[in-house]
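# An overview of the molecular structure
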Protein chains: 2
Amino acid sequence: MQRTQSAVRYSEEEEVLARIAKALAHPVRVRILRLLLSESCCFTGQLTDFIPMAQSTVSQHLKVLLEAGLIQGDINPPKVRYCVNRENWAKAEAVMKAFFVLPVLGQCDCS
Amino acid sequence: MQRTQSAVRYSEEEEVLARIAKALAHPVRVRILRLLLSESCCFTGQLTDFIPMAQSTVSQHLKVLLEAGLIQGDINPPKVRYCVNRENWAKAEAVMKAFFVLPVLGQCDCS
DNA sequence: TGGCTTGATCGTATATTTACGATGAACTAA
DNA sequence: TTAGTTCATCGTAAATATACGATCAAGCCA
């Protein structure tokens, strides 16, 4: 059994899926995405009305989603309107689906 | 705009999805799951042959997946055989699917 | 101009994650 | 019993994530 490291290289799929998952890995970001998805259109700082957290914290989570490409912002001072990035959202869905579609093969007598 | 906190409560769905996503949020864990899924059956420490990391680190990642319920281990000393927990895997797939199935509603003129 | 609103960013504290080597526990084989 | 194998756990270091208040920037309105 190998016991030391030797430069880990991940495949594109591994990296991409992990990156998407990381963006979804906090309940507040899940909520933000659901709010953006369920509203008829984009959203603004009303987000902070639905999310009982400091404004700066919400902004930080928005940044994470933004950097993951899952949302985009329309700067319209003094307001900013956020919405789901449809293209990347579809990509994320496809990546997730492809991952879960892998069948659990064969029989296994694990306890 | 709200600027201070006031006890954040998340819905079950928000918590569950974030928990699953967190388990998938590292490329090595994605790889481990793919290995377990693609092999005809369970797996053992051969994992460390496919993953160039310290054995203790792989074990740590296995623990994360284990605690998320995505895999299970069959202790068969001195070996341990891991496999995907089919039931929870199906649940995870359902939760993910339900999340992504939310349509991106309406039109949006975000930049 | 001065003050208001919105929202990002900064500085900071704390918690969690990630990685490693070393060690320990459990069982097998000699 | 002794030695070897497999794998978890411990201890630790470094990086990242999370949350907050304070502040800054941009634009509005009076």
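The structure we're discussing is the one just above.
What counts, and where the lines are drawn
Residues numbered from 1 in each chain as written. Chains lettered and ligands numbered in written order. Predicted model: local features only at pLDDT ≥ 70, side-chain atom pairs only at ≥ 80, totals over all residues. Heavy atoms only, no water. Helix = DSSP H or I, 4+ residues; strand = E, 2+ residues; numbered from the N terminus. Buried < 20%, exposed > 50% of the residue type's maximum accessible area, 1.4 Å probe, protein only. Contact = heavy atoms within 4.5 Å. Phe/Tyr/Trp six-rings, centres within 6.5 Å; stacked < 30°, edge-to-face > 60°. Pairing = 2+ DSSP bridges. Salt bridge = Lys/Arg side-chain N within 4 Å of Asp/Glu carboxyl O. Expected span 1.5 Å × (residues − 1). Arc of directions from axis to C-beta. Polar contact = N/O pair within 3.5 Å; in protein donor to acceptor, adjacent residues only side chain to side chain. Axes fitted to C-alpha atoms, helices over the stretch in contact; angles between N-to-C directions. Parallel < 35°, antiparallel > 145°, perpendicular 65-115°, else oblique. Left-handed = near helix turned anticlockwise from the far one by under 90°. Nonpolar A, V, L, I, M, F, W, Y, C, P; charged D, E, K, R; others polar.

## Considering the overall build of chain A
When helices and strands are tallied, chain A shows 5 helices and 2 strands. Helices (α) and strands (β) of chain A occur, in sequence order from the N terminus, as α-α-α-α-β-β-α. Counting over 111 residues, chain A shows a buried share of 41%. Taking all contacts inside chain A whose residues are at least 6 apart in sequence as the whole, residues at least 24 apart take part in 47%.

## Things to note about the packing of aromatic side chains
Tallied over the entire structure, the rule returns 6 aromatic pairs over all chains. Consider the rings of Trp89(A) and Phe99(B), whose centres lie 5.6 Å apart with planes at 65°: the pair is edge-to-face. Taken together, the residues span two chains, with Trp89(A) in helix H5 (residues 86–101) and Phe99(B) in helix H5 (residues 86–101). Note on accessibility: Trp89(A) and Phe99(B) belong to one class, buried. Here Phe99(B) and Phe100(B) contribute two aromatic rings whose centre-to-centre distance is 5.7 Å and whose plane-to-plane angle is 75°, an arrangement assigned as edge-to-face. Connected via pairs of aromatic rings, a cluster forms that spans Trp89(A), Phe99(B) and Phe100(B).

## Some details on the environment of Ser11(B)
Considering the arrangement of structural elements, one finds Ser11(B) in the segment before helix H1 (12–23). Taking the relative accessible area as the measure of exposure, Ser11(B) reaches 26% and is therefore partly exposed. With residues up to four places along the chain from it excluded, the contact list for Ser11(B) reads Arg31(A) and Arg34(A).

## Observations regarding the pairing of strand E2 (residues 79–84) of chain A
Bridge analysis of strand E1 (residues 71–76) of chain A against E2(A) gives 6 bridges, and the strand direction is antiparallel. Paired with Asn76(A) across the strands is Lys79(A), a residue of E2(A).

## Describing the pattern of salt bridges
Side chains that differ in sign of charge can pair as their charged atoms come close. For the coordinates displayed, the defined rule picks out 8 salt bridges over all chains. Taking the shortest distance from any N to any O, the salt bridge between Arg31(A) and Glu14(B) comes out at 2.9 Å. With one member in each of two chains, Arg31(A) in helix H2 (residues 27–38) and Glu14(B) in helix H1 form a pair that bridges those chains. With respect to burial, Arg31(A) and Glu14(B) carry one shared label: buried.

## A few points about the side chain of His61(B)
Mapping His61(B) onto the fold places it in helix H4 (residues 55–67). Those residues in contact with His61(B) that sit more than four places away from it in its chain are His26(B), Val28(B), Arg29(B), Ile32(B) and Met53(B).

## A closer look at H5(B)
For H5(B), with 16 residues, the first-to-last C-alpha span of 22 Å sits near the 22 Å given by 1.5 Å per residue. Restricting attention to buried positions, one finds in H5(B) the residues Trp89(B), Ala92(B), Met96(B), Phe99(B) and Phe100(B). Along the axis of H5(B), the buried residues cluster in a sector spanning 95°; they form a single face. The outward face of H5(B), more than 90 degrees from its buried face, is lined by the exposed residues Glu87(B), Lys97(B) and Val101(B). Considering only its buried residues, H5(B) is in contact with H2 and H5 of chain A together with H1, helix H2 (27–38) and strand E2 (79–84) of chain B. Two or three places before Glu87(B), at the start of H5(B), stands the capping residue Asn85(B), its side-chain oxygen 3.2 Å from that residue's backbone nitrogen.

## Quick word on the packing of H1(B) against H5(B)
All names here are of chain B. Where H1 contacts H5, the axes come no closer than 10 Å and their chain directions differ by 115°. It follows from the interaxial angle that H1 and H5 lie roughly perpendicular. Two packed elements cross with a definite hand, and for H1 against H5 that hand is left-handed. Here Glu13, Val16, Leu17, Ile20 and Ala21 of H1 lie close against H5, whose contacting residues are Ala92, Val95, Met96 and Phe99. The residue makeup of the contact of H1 with H5, split by class, is 8 nonpolar, no polar and 1 charged.

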